[in-house]
Amino acid sequence: MINMMLANLYKKAGQERPSVTSYKEVLRQCPLALDAILGLLSLSVKGAEVASMTMNVIQTVPNLDWLSVWIKAYAFVHTGDNSRAINTICSLEKKSLLRDNVDLLGSLADLYFRAGDNKNSVLKFEQAQMLDPYLIKGMDVYGYLLAREGRLEDVENLGCRLFNISDQHAEPWVVSGCHSFYSKRYSRALYLGAKAIQLNSNSVQALLLKGAALRNMGRVQEAIIHFREAIRLAPCRLDCYEGLIECYLASNSIREAMVMANNVYKTLGANAQTLTLLATVCLEDPVTQEKAKTLLDKALNQRPDYIKAVVKKAELLSREQKYEDGIALLRNALANQSDCVLHRILGDFLVAVNEYQEAMDQYSIALR
């Protein structure tokens, strides 16, 4: 118990070496301390090294064959390998012992969110919430996703439910802040984000909320500080970098935005999300329009349903007045999903080719 408390305090203070030592001491005394395992993995200790510390107990205690796979899954989580983490956790979830495990479902929801698969993320959060009506962890991300989808009544209900459980966690304040932010009440969102940070200074979602509110209020330099702190706490989360890059673009610092986008691309790898982020910056400079087009094509080849890539490609086609190509792109993207932004953009493209009735239909779907 004392070593666990010490490890957490060292970690919070940014003292990694003594934190690792304390977590290892916890595992030496109690090899099944899952929080200590997660603590080590979050401090970049290799999954194989952590697994070796639990090997004896796995071999001697029955029905523990899942633990080595669980360690492997969370090692992938903490190295930012979202696709392999998702596959490994899905394989764990199929085991009878861990089926309908709320912690696993929450982790899976968070991983889908990080991978940009918002639809599956929402589904997993809903599943976890049904199994545990008192669940608080991860509900800040769930609230943010609902707010982005325009489901503000659901966000309000979620916030009320969380406050009834506890107002001493950051999550209810963040959820209410998301409702205010997407209702364009930025000063209220700023207050709620600050309150959440008071309760938990390591709440990434609270930092992102406060940073976004500051940015939209024109206080870009203050927003940058919050996004940088979010990156420090969650270096594998792309949305932290997106917020910082949006600040750079808002202040016309295209060079800084390009450097950051290139660093993210190199650090997190060439996936649909990083390709789209780099393309977003390239679209701001007339010299790099062709590069943006190439990056977006690569992103859409990897993931044809990735909404942010579709939106940026549509923006590029609109600039080039290639409306028919844009309509084909959007219809293809909407074949297997419904998104209000895509329906609205499709409406704009249909207006451009004088298809007014169908444009009205798309705007109606977007409003719904």
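Definitions and limits used
Residues numbered from 1 in each chain as written. Predicted model: local features only at pLDDT ≥ 70, side-chain atom pairs only at ≥ 80, totals over all residues. Heavy atoms only, no water. Phe/Tyr/Trp six-rings, centres within 6.5 Å; stacked < 30°, edge-to-face > 60°. Lys NZ or Arg CZ within 6 Å of the ring centre and 35° of its normal. Helix = DSSP H or I, 4+ residues; strand = E, 2+ residues; numbered from the N terminus. Expected span 1.5 Å × (residues − 1). Contact = heavy atoms within 4.5 Å. Patch = residues over 30% accessible without salt bridge, like charges linked within 9 Å, V, L, I, M, F, W, Y side chains within 5 Å. Areas by Shrake-Rupley, 256 points an atom, 1.4 Å probe, with all protein chains shown as cover. Salt bridge = Lys/Arg side-chain N within 4 Å of Asp/Glu carboxyl O. Buried < 20%, exposed > 50% of the residue type's maximum accessible area, 1.4 Å probe, protein only. UniProt positions renumbered as here; feature names shortened; annotations may be inferred. Core = buried A, V, L, I, M, F, W, Y, C linked by side-chain atoms within 4.5 Å. Polar contact = N/O pair within 3.5 Å; in protein donor to acceptor, adjacent residues only side chain to side chain. Arc of directions from axis to C-beta. Axes fitted to C-alpha atoms, helices over the stretch in contact; angles between N-to-C directions. Parallel < 35°, antiparallel > 145°, perpendicular 65-115°, else oblique. Left-handed = near helix turned anticlockwise from the far one by under 90°. Nonpolar A, V, L, I, M, F, W, Y, C, P; charged D, E, K, R; others polar.

Looking at an unreviewed UniProt entry, the protein chain carries the name Anaphase promoting complex subunit 7, with the source organism given as Myotis myotis.

Caption draft 1: Representation of the packing of aromatic side chains in the model. Taken as a whole, this structure holds eight aromatic pairs when the rule is applied. Each residue in the set Phe113, Tyr144, Phe181, Tyr182 and Tyr186 is aromatic and connected to the rest through ring pairs, giving one cluster. Sitting above the plane of the Trp173 ring, Lys195 keeps its charged end 5.4 Å from the centroid.

Caption draft 2: Up close: helix α17 (residues 254-268). Taking 1.5 Å per residue, 15 residues should reach 21 Å; α17 reaches 21 Å between its end C-alpha atoms and fits that length. Looking at the packing, one finds that the buried side of α17 touches α16 (238-250) and α18 (272-282). Positive backbone phi, at 95°, marks Gly269, one or two positions downstream of α17.

Caption draft 3: Examining a nonpolar patch on the surface more closely. Together, Met1, Ile2, Met5 and Leu6 line one region of the surface with nonpolar side chains, adding up to about 460 Å² of accessible area. Its relative accessible area of 34% is what places Leu6 among the partly exposed residues.

Caption draft 4: The UniProt feature "repeat: TPR" (unreviewed entry) in the protein chain, seen in detail. Within this numbering scheme, the UniProt entry marks residues 204-237 as carrying the feature "repeat: TPR" (unreviewed entry). Helix makes up 79% of residues 204-237 and strand 0%, with an end-to-end C-alpha separation of 10 Å.

Caption draft 5: Just the nonpolar core, in detail. Counting residues in each nonpolar core, the largest one holds 88 residues, and the members touching the most others are Ile245 and Leu330. Of all hydrophobic cores here, the second largest spans 37 residues; its members include Met4, Ile71, Phe76 and Leu111.

Caption draft 6: Region of interest: the environment of Gln29. Tracing the sequence through the fold places Gln29 in helix α2 (residues 16-29). Expressed as a C-alpha distance, the spacing of Gln29 and Ile58, which sit 29 residues apart in the sequence, is 15 Å. Of the polar contacts made by the side chain of Gln29, one reaches the side chain of Glu25; its length is 2.9 Å.

Caption draft 7: Examining helix α9 (residues 118-131) more closely. With 14 residues, α9 should cover 20 Å at 1.5 Å per step; its first-to-last C-alpha distance of 20 Å lies within 8% of that length. Taken together, the buried positions of α9 are occupied by Ser121, Val122, Lys124, Phe125, Ala128 and Gln129. The arc that holds every buried residue of α9, seen down its axis, measures 165°, which confines them to one face. Opposite the buried face of α9, at more than 90 degrees from it, the exposed residues are Lys119 and Met130.

Caption draft 8: Region of interest: the environment of Gly211. Along the chain, Gly211 falls in helix α14 (residues 204-216). Residues Gly211 and Ile225 lie 14 residues apart in sequence; the distance between their C-alpha atoms is 7.9 Å. For Gly211, the residues in contact, after removing those within four places along its chain, are Ala223, His226 and Phe227.

Caption draft 9: Representation of the environment of Ile254. Within the secondary structure, Ile254 sits in helix α17. Note on Ile254: relative accessible area 27%, which makes it partly exposed. For the pair Ile254 and Cys282, spaced 28 residues apart in the sequence, the C-alpha separation amounts to 8.9 Å. Those residues in contact with Ile254 that sit more than four places away from it in its chain are Leu249, Val281 and Glu284.

Caption draft 10: Region of the structure containing the packing of α9 against helix α10 (residues 139-148). For the pair α9 and α10, the least separation of the axes is 10 Å and the interaxial angle reads 130°. The angle between α9 and α10 places the two elements in the oblique class. Crossing of α9 against α10: the hand is left-handed. Residue-level inspection shows Asn118, Ser121, Val122, Phe125, Glu126 and Gln129 of α9 in contact with α10, the latter providing Met139, Val141, Tyr142, Leu145, Leu146 and Arg148. Looking at side-chain class alone, the contact of α9 with α10 contains seven nonpolar, three polar and two charged residues.

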